[in-house]
Amino acid sequence: MTRHFGVLIPSTNTTVEMERRLLPTTYQAHVGRLMSNGGSFSPSRDEDVDYQSRLLGTAKVEMVILAQTSASLFAEDYDDGLDTIALEGFGATDAYAIGKLGPQNAREAFARIDRPEIEVFVVPGGNFPTMASVAAWKREFGKPVVTTNQASIWAMLRAFKSADRLPAFGRLLAEVPADAS
């Protein structure tokens, strides 16, 4: 059975659709775009999210994912429970610059900041193309890697109560809990 899900992305995002194509064909993504302010990192307007969600609803999607990291960065509790040990940035001034980065940028950053006290590498940014490299990074550095797109797919699999496991995309998608609810 094909599962249909919606994904809302900023109009400047050039990566999410590409990474959703890596999923098995039993998962079909329907994408809605949210107006971005000239490539800025500001969250989308609520009325745009509402409108695009309603359009996705006409495709009878079973759920809608908001793949916009910047939307969460403006919430006061966006990082509750996280302790940042090291941080590496790429000097991206807009969303277009993030989409032009490659997985090698993240890998090189991991190599620069890796230390024993780091338990997991987090790669925020739905426009940062990294999904195909996650499993290799886990093997190389011996630590889990979580990306924005990977985490949204994990949430989708849980919401669908899916038994599918996707080990090619790292530990998070290889070991989705069976008690998904």
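Coordinates for the structure precede this section.
Let us look at the structure shown here. Since the structure is predicted, the reported quantities are computational estimates derived from the model, not experimental observations.

### So, the overall build of the protein
- When helices and strands are tallied, the protein shows eight helices and five strands.
- In sequence order, the protein lays out its α and β elements as β-α-β-α-β-α-α-α-β-α-β-α-α.
- In terms of overall dimensions, the protein is globule-like: its C-alpha atoms have a radius of gyration of 16 Å, near the 16 Å expected for 181 residues.
- Summarising its shape, the C-alpha atoms of the protein cover approximately 50 × 40 × 30 Å along the three principal directions.
- Per-residue burial for the protein yields a buried fraction of 41% across its 181 residues.
- For the protein, the proportion of contacts with a sequence separation of at least 24, taken over those separated by at least 6, is 66%.
- Here the protein has roughly 10000 Å² of accessible surface; of this, 53% comes from carbon and sulfur atoms.
- When the 18 basic and 22 acidic side-chain charges of the protein are each reduced to a single mean position, those positions are 7 Å apart.

### What about the nonpolar core?
- Within the largest apolar cluster, 18 residues are counted, with the highest numbers of intra-cluster contacts made by F5, I153, M156 and L157.
- For this core, the elements supplying multiple residues, two or more each, are β1 (3-10) and α7 (148-159).
- When residues no more than four places from it in sequence are discounted, the contact partners of I153 are R20, L23, M131, L166 and L173.
- Core analysis: the next-biggest nonpolar cluster, separate from the first, contains 13 residues, L101, A106, F110 and W137 among them.

### With respect to the packing of helix α5 (residues 103-113) against helix α6 (residues 134-141)
- As a packed pair, α5 and α6 sit with axes 11 Å apart at the nearest point and diverge in direction by 20°. For the element pair α5 / α6, the angle class is roughly parallel. Crossing of α5 over α6 shows right-handed handedness. Contact with α5, carried on its side by P103, A106, R107, F110 and A111, involves W137, E140 and F141 of α6 and no other residues of that element.
- Considered class by class, the residues forming the contact of α5 with α6 number six nonpolar, no polar and two charged.

### Here's the deal with the sheet that holds strand β2 (residues 27-34)
- Read from one edge of the open sheet, three strands run β2-β1-β3, paired in parallel fashion. In the strand order of this sheet, the two ends are held by β2 and β3 (64-66), each with one partner. Adjacent strand axes in the sheet meet at a mean angle of 25°, parallel and antiparallel pairs treated alike.
- The pairing of β1 with β3 spans three bridges and is parallel. Bridged to V7 within β3 is I65.
- Its contacts with the sheet put helix α2 (residues 46-57) on β1, β2 and β3, and the angle it makes with β2 is roughly 145°.

### Quick look at α5
- Those residues of α5 not exposed but buried are N105, A106, A109, F110 and I113. Buried residues of α5 fall within an arc of 135° about the axis and therefore sit on the same side.
- Residues of α5 that are buried in the fold lie against β4 (121-123), α6 and β5 (145-147).

### Structural notes on the side chain of D48
- Within the secondary structure, D48 sits in helix α2.
- Judged by its relative accessible area of 17%, D48 is buried.
- The residues touching D48, leaving out its near neighbours within four places in the chain, are L34 and M35.

### Describing unusual backbone geometry
- Residue K60 is not a glycine yet carries a positive backbone phi of 60°.
- Within the secondary structure, K60 is located in the loop between α2 and β3.
- With a phi close to 55°, K161 is a non-glycine residue in the positive phi region.
- Residue K161 is classed as exposed on the basis of its relative accessible area, which comes to 59%.

Thresholds applied
Residues numbered from 1 in each chain as written. Predicted model: local features only at pLDDT ≥ 70, side-chain atom pairs only at ≥ 80, totals over all residues. Heavy atoms only, no water. Helix = DSSP H or I, 4+ residues; strand = E, 2+ residues; numbered from the N terminus. Rg over C-alpha atoms; globule rule 2.2 N^0.38 Å. Buried < 20%, exposed > 50% of the residue type's maximum accessible area, 1.4 Å probe, protein only. Contact = heavy atoms within 4.5 Å. Areas by Shrake-Rupley, 256 points an atom, 1.4 Å probe, with all protein chains shown as cover. Lys, Arg positive; Asp, Glu negative; His and termini not counted. Charge placed at Lys NZ, Arg CZ, Asp CG, Glu CD. Core = buried A, V, L, I, M, F, W, Y, C linked by side-chain atoms within 4.5 Å. Axes fitted to C-alpha atoms, helices over the stretch in contact; angles between N-to-C directions. Parallel < 35°, antiparallel > 145°, perpendicular 65-115°, else oblique. Left-handed = near helix turned anticlockwise from the far one by under 90°. Nonpolar A, V, L, I, M, F, W, Y, C, P; charged D, E, K, R; others polar. Pairing = 2+ DSSP bridges. Arc of directions from axis to C-beta.

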